Amino acid sequence: MSLYWLGNDSGIDFPPVESALKEPDGLLAAGGDLGEARLLAAYQRGIFPWYSHGQPILWWSPDPRMVLFPEDFHASRSLRRAERRYAPVVTVNRCFQQVVDQCAAPRDDDHGTWITPEMSAAYVSLHRRGWAHSIEVWVGDALIGGVYGVAIGKAFFGESMFSSQANGSKFALKALCQQLVIDGFQVLDCQMHTSHLQTLGARLITRAAFTSILDTACKPLKTWIPPTHIIGEKR
């Protein structure tokens, strides 16, 4: 089966997600651009970009899909103990670019290198337009963890997270889920399966079930206006 190539014009011409390849799982299309209109159209359809430097833009819609229903976040006893010990402060959109940069930094497992300068610029642009958001975790003046993603209607599409100290990203994800529950969000998209996310309450659902959720969660098409602080207040 040949791969579908997107045009570089302003038309949003994604093929049906059901036509995605089974190997590699979910590869749907290549090409196109990372403009706001195309990215928003992709997310609403259950599609996301993921590629490495030197590759064309690759678009994915895996089946099954890893999701975390915000009310299902699982906080272990060790995480709760760490939270009491460090008393982290959790902010929203305080330093979006810094969170993206930390997520893009080289890691021992090489994850994060897919956040190319073009990807970073695209999400910073979405952030400025009110679509992309960062959750930051602070202990004192140190940024120890964070997560960023795109919110459309009542669906949050997680893109990446980082920790520079143990539990940093877990604190961020826990706080994000708490706020998403308060604000009536239906789903937090985790994209791909990892055992780490599974321990936090995420699970696999079929692509058909996921896109069915998006059919209602992403309507009406509107931005999320989160509080500036979820936990504590950074002075």
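The structure under discussion appears in the preceding block.
Source: prediction; values computed, not measured. (Residues numbered from 1 in each chain as written. Predicted model: local features only at pLDDT ≥ 70, side-chain atom pairs only at ≥ 80, totals over all residues. Heavy atoms only, no water.)

What follows deals with a positive patch on the surface. On the surface, a cluster of positive charge is contributed by Arg77, Arg80, Arg81 and Arg84. A relative accessible area of 63% means that arginine 77 is categorised as exposed. (Patch = residues over 30% accessible without salt bridge, like charges linked within 9 Å, V, L, I, M, F, W, Y side chains within 5 Å. Areas by Shrake-Rupley, 256 points an atom, 1.4 Å probe, with all protein chains shown as cover. Salt bridge = Lys/Arg side-chain N within 4 Å of Asp/Glu carboxyl O. Lys, Arg positive; Asp, Glu negative; His and termini not counted. Charge placed at Lys NZ, Arg CZ, Asp CG, Glu CD. Buried < 20%, exposed > 50% of the residue type's maximum accessible area, 1.4 Å probe, protein only.)

One pass over the structure, following the stated rule, counts 7 aromatic pairs. The interplanar angle of 70° and the centroid separation of 5.3 Å between the aromatic rings of phenylalanine 185 and tryptophan 224 together place this pair among those described as edge-to-face. In this pair, phenylalanine 185 is assigned in the loop between α5 (168-182) and β10 (187-191) and tryptophan 224 in the loop between α7 (207-217) and β12 (229-231), connecting sequence segments 39 residues apart. Of the aromatic side chains, those joined through ring pairs into one cluster are Phe96, Tyr123 and Tyr148. Cation over ring: arginine 94 sits above tryptophan 138, and NZ or CZ is 5.7 Å from the ring centre. (Phe/Tyr/Trp six-rings, centres within 6.5 Å; stacked < 30°, edge-to-face > 60°. Helix = DSSP H or I, 4+ residues; strand = E, 2+ residues; numbered from the N terminus. Lys NZ or Arg CZ within 6 Å of the ring centre and 35° of its normal.)

Our next topic: the pairing of strand β6 (residues 89-92). Taking every second residue as pointing to the same face, both faces of β6 are buried, with Val89 and Thr91 on one and Val90 and Val92 on the other. In this structure, β6 lies alongside strand β7 (residues 132-139), joined through 4 bridges in antiparallel fashion. Within the sheet, the bridge partner assigned to valine 92 lies in β7 and is isoleucine 135. The pairing of β6 with β12 spans 2 bridges and is antiparallel. In the sheet register, threonine 91 faces β12, and the bridge partner there is histidine 229. (Pairing = 2+ DSSP bridges.)

Turning our eyes to something else, we now look at helix α4 (residues 117-128). Across its 12 residues, α4 extends 16 Å between first and last C-alpha, which sits within 8% of the 16 Å expected from 1.5 Å per residue. Looking only at α4, the buried set comprises Met119, Ser120, Ala122, Tyr123, Val124 and Leu126. Against the buried residues of α4 lie α1 (36-44), β3 (48-49), α3 (96-104), β7, β8 (142-152) and β9 (155-163). (Expected span 1.5 Å × (residues − 1). Contact = heavy atoms within 4.5 Å.)

A full pass over the atoms with the stated rule returns 5 salt bridges. Ionic pairing is found between aspartate 33 and arginine 38, a salt bridge with its closest N-O pair at 3.2 Å. Several salt bridges share partner residues, and in doing so they unite Asp13, Asp33 and Arg38 into one network.

As a further point, take the packing of α1 against α4. Where α1 meets α4, the axes come as close as 10 Å, and the angle between the chain directions of the two elements is 85°. The pairing of α1 with α4 is recorded here as roughly perpendicular in orientation. Facing α1, whose interface residues are Glu36, Leu39 and Tyr43, α4 presents Ala122, Tyr123 and Leu126. Residue composition of the contact of α1 with α4, by class: 5 nonpolar, no polar and 1 charged. (Axes fitted to C-alpha atoms, helices over the stretch in contact; angles between N-to-C directions. Parallel < 35°, antiparallel > 145°, perpendicular 65-115°, else oblique. Nonpolar A, V, L, I, M, F, W, Y, C, P; charged D, E, K, R; others polar.)

Once that is clear, we can look at the sheet that holds strand β4 (residues 58-60). Within the open sheet, the 4 strands sit side by side as β1-β2-β4-β3. Their pairing is mixed. Each having just a single partner strand, β1 (4-6) and β3 make up the two edges of the open sheet. By the bridge criterion, 3 bridges tie strand β2 (residues 27-31) to β4 in an arrangement that is antiparallel. Of the residues in β4, the one forming a bridge with alanine 29 is tryptophan 59.

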